[in-house]
Amino acid sequence: MPPVGRAREVLLVSLSLMSTISPFATDMYLPSFPRIAEDLSTTPSGVQLTLTTFLVGVALGQLVFGPLSDRLGRKPPLVIGTMLCVIASVVAVLAPTIEVLLVARFAQGAGGAAGIVIARAIVADVFRGAEAARVFSVLAVLGGLAPIAAPIAGGLLADPVGWRGVLAVLAALTGAMFLVAVLVIRETAPRRRSEAHEDSPSSTRPPHLLSVLRRPGFTAYALVKTCSFAALMGYIAASPFIFQDLLGLDPLQGAGLFALNSLALVVASAVNARLVRARGPAAMLRGGVLLMTTAAVALAVVVTFAAPPWAAVPTCMLLVGSMGFVFGNSIALALGHARDAAGAGSAWIGFSQFVVGAAVAPLVGLGGVSLVPLSIVVLSATVTTWACVLIGGRADRRAARLDALGG
């Protein structure tokens, strides 16, 4: 039975903390990018690679820890992964060269992936349908505070403590995540009968990692999350150079504008959590993709007609806000097609989005300080997202017909 009252609140806050490694590790040190490039004698693209390697680590780590949590339970892989994340975070603080920092960021992402992938699996274990979408939206509200707080904290700390101090704060956060994994999180994975039991069919074993991808509904909705995340990641990677170089803001001002845009995601997620029970996750998802489309077209207009750079600011806010209606609903709909393998399903959702994110991060910087690469990324992601939404809807209708016939 799903937890209620205080138990529910503790679970949501704990899962939110487990999921914060990604926004904090990507957003907190963004204002320090120019300083890192100078101190470690590297280029802006070299510094952006520290973001890419982190995302690659998160992607691969989820493929490991997600399926493991289906077979071993949620808690053991969670504890091991967060411990690795703590160790890598300390190494990143002490990194003497860009090469060491790149390795540490990869390991940090791989270990932190355990919290990200297992948090989603725990939600799928405990909640169903629209309620799962609502919980994912609530987590987005709580976790959305991280993209707001992280760049502001990073901007405030960049000068007095430097980028190493900023990464030290991140290391302390990973330590808190480890304590939560050990002391708070309980086992939620469904118990499976022993494979050796004579009455135990092979279907009681967790499905193979690749078998989940053969489910059209799961794959389509997982790609919705992936493509929309690509658009968001393009904005995140481009934002420090656009805000500071194109708009002429200092690091703190740029962090403040980044946080303001992130607030749109929090507000949209809260609205989604309030409405999704009545309207359903599929309808709310389509509304979110429509907002994403509006933002993509508006950004293309700004680029095509060479509008002042400030015209892109409300467009970016709309883009970020649309994710509040896309992320939670797409995850809930995808895992609804993989309830028997929530860890593997969660792993594929995370893996695909972070691989695409890792590819997008350097792409938006290829044209120098310009909105053109970002506009191309957002438009491409939006078109692909719509195609996946249509495929997912078709799979939902087919599943509903099969359920009706089975009933």
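Residues numbered from 1 in each chain as written. Predicted model: local features only at pLDDT ≥ 70, side-chain atom pairs only at ≥ 80, totals over all residues. Heavy atoms only, no water.

Draft legend 1. Geometry of the pattern of salt bridges. Evaluated as defined, the whole model comprises five salt bridges. Here arginine 74 makes a salt bridge to aspartate 125, at a shortest N to O gap of 2.8 Å. Of this pair, arginine 74 sits in the loop between α4 (44-72) and α5 (75-94) while aspartate 125 sits in helix α6 (residues 98-126), and the two are 51 residues apart along the sequence. Exposure remark for aspartate 125: the relative accessible area of 17% places this residue in the buried category. (Salt bridge = Lys/Arg side-chain N within 4 Å of Asp/Glu carboxyl O. Helix = DSSP H or I, 4+ residues; strand = E, 2+ residues; numbered from the N terminus. Buried < 20%, exposed > 50% of the residue type's maximum accessible area, 1.4 Å probe, protein only.)

Draft legend 2. Highlighting helix α14 (residues 342-363). Helix length check: α14 (22 residues) gives 32 Å between terminal C-alpha atoms against 32 Å at 1.5 Å per residue, within 8%. In terms of burial, α14 is a largely internal element, 17 of the 22 residues being buried. (Expected span 1.5 Å × (residues − 1).)

Draft legend 3. Layout of the side chain of serine 346. With respect to the helices and strands, the residue serine 346 is situated in helix α14. By relative accessible area, serine 346 is classed as buried at 0%. If we skip the residues at most four places from it in the chain, serine 346 touches Gln62, Val117, Arg120, Ala121 and Leu335. (Contact = heavy atoms within 4.5 Å.)

Draft legend 4. Structural context of the environment of leucine 60. Mapped onto the elements of the fold, leucine 60 is located in helix α4. Each C-alpha atom, one on leucine 60 and one on glycine 109, is 8.7 Å from the other, the two residues being 49 residues apart in sequence. Those residues within four positions of leucine 60 in sequence are excluded, and the remaining contacts are Phe106 and Phe351.

Draft legend 5. Spotlight on the packing of helix α12 (residues 281-304) against helix α13 (residues 312-335). Contact geometry of α12 with α13 gives a least axis separation of 8 Å together with a crossing angle of 155°. It follows from the interaxial angle that α12 and α13 lie roughly antiparallel. Both α12 and α13 take part in a crossing whose hand is left-handed. Here the residues of the contact of α12 with α13 sort into 18 nonpolar, six polar and no charged. (Axes fitted to C-alpha atoms, helices over the stretch in contact; angles between N-to-C directions. Parallel < 35°, antiparallel > 145°, perpendicular 65-115°, else oblique. Left-handed = near helix turned anticlockwise from the far one by under 90°. Nonpolar A, V, L, I, M, F, W, Y, C, P; charged D, E, K, R; others polar.)

Draft legend 6. Inspection of the environment of glycine 321 at higher detail. Counting through the fold element by element, glycine 321 comes out in helix α13. Sequence separation of glycine 321 and glycine 392 is 71 residues, and the distance between their C-alpha atoms is 22 Å. With residues near it in sequence (within four places) discarded, glycine 321 still touches Ala264, Leu265 and Ala268.

Draft legend 7. Focus on the packing of α5 against helix α9 (residues 162-183). Where α5 meets α9, the axes come as close as 8 Å, and the angle between the chain directions of the two elements is 165°. It follows that α5 is roughly antiparallel to α9 by the angle criterion. Like other packed secondary-structure pairs, α5 and α9 cross with a definite hand, here left-handed. Contact with α5, carried on its side by Lys75, Leu78, Val79, Thr82, Met83, Cys85, Val86, Ser89, Val90, Ala92, Val93 and Leu94, involves Trp163, Arg164, Leu167, Ala168, Ala171, Thr174, Gly175, Met177, Phe178, Ala181 and Val182 of α9 and no other residues of that element. Looking at side-chain class alone, the contact of α5 with α9 contains 17 nonpolar, four polar and two charged residues.

Draft legend 8. Summary view of a nonpolar patch on the surface. A surface patch of nonpolar side chains, about 390 Å² in accessible area, is lined by Val10, Leu179, Val182, Leu183 and Val184. Relative to the helices and strands, valine 184 is located in the loop between α9 and α10 (216-246). A relative accessible area of 32% means that valine 184 is categorised as partly exposed. (Patch = residues over 30% accessible without salt bridge, like charges linked within 9 Å, V, L, I, M, F, W, Y side chains within 5 Å. Areas by Shrake-Rupley, 256 points an atom, 1.4 Å probe, with all protein chains shown as cover.)

Draft legend 9. The arrangement of the packing of aromatic side chains in detail. Going through the model one piece at a time under the given rule, you end up with four aromatic pairs. Through pairs of rings, three or more aromatic residues link up here, namely Tyr235, Phe243 and Phe258. Residue placement shows lysine 225 over the ring face of phenylalanine 327; its charged tip is 4.2 Å from the ring centre. (Phe/Tyr/Trp six-rings, centres within 6.5 Å; stacked < 30°, edge-to-face > 60°. Lys NZ or Arg CZ within 6 Å of the ring centre and 35° of its normal.)

Draft legend 10. Here's a closer look at a positive patch on the surface. Together, Arg286, Arg394, Arg397, Arg398 and Arg401 make up a region of like positive charge exposed at the surface. When residues of the positive patch are assigned to their parent elements, the largest contribution, four residues, is made by helix α15 (residues 372-406). Relative to the elements of secondary structure, arginine 401 occurs in helix α15. Classification of arginine 401 by relative accessible area gives exposed; the value is 52%. (Lys, Arg positive; Asp, Glu negative; His and termini not counted. Charge placed at Lys NZ, Arg CZ, Asp CG, Glu CD.)

Draft legend 11. Seen up close, the state of the cysteines. Under the defined criterion, the tally for this structure stands at zero disulfides. Cysteine 227 takes part in no disulfide bond, and the closest cysteine sulfur, belonging to cysteine 388, lies 4.9 Å away. Cysteine 227 supplies the cysteine sulfur nearest to cysteine 316, a cysteine that is in no disulfide, at a spacing of 19 Å. Judged by its relative accessible area of 8%, cysteine 316 falls in the buried class. (Disulfide = S-S within 2.5 Å.)

Draft legend 12. Just unusual backbone geometry, in detail. Phi at serine 41 is positive, roughly 55°, even though this residue is not glycine. With respect to the helices, strands and loops of the structure, serine 41 is situated in the loop between α3 (33-39) and α4. Taking the relative accessible area as the measure of exposure, serine 41 reaches 69% and is therefore exposed.

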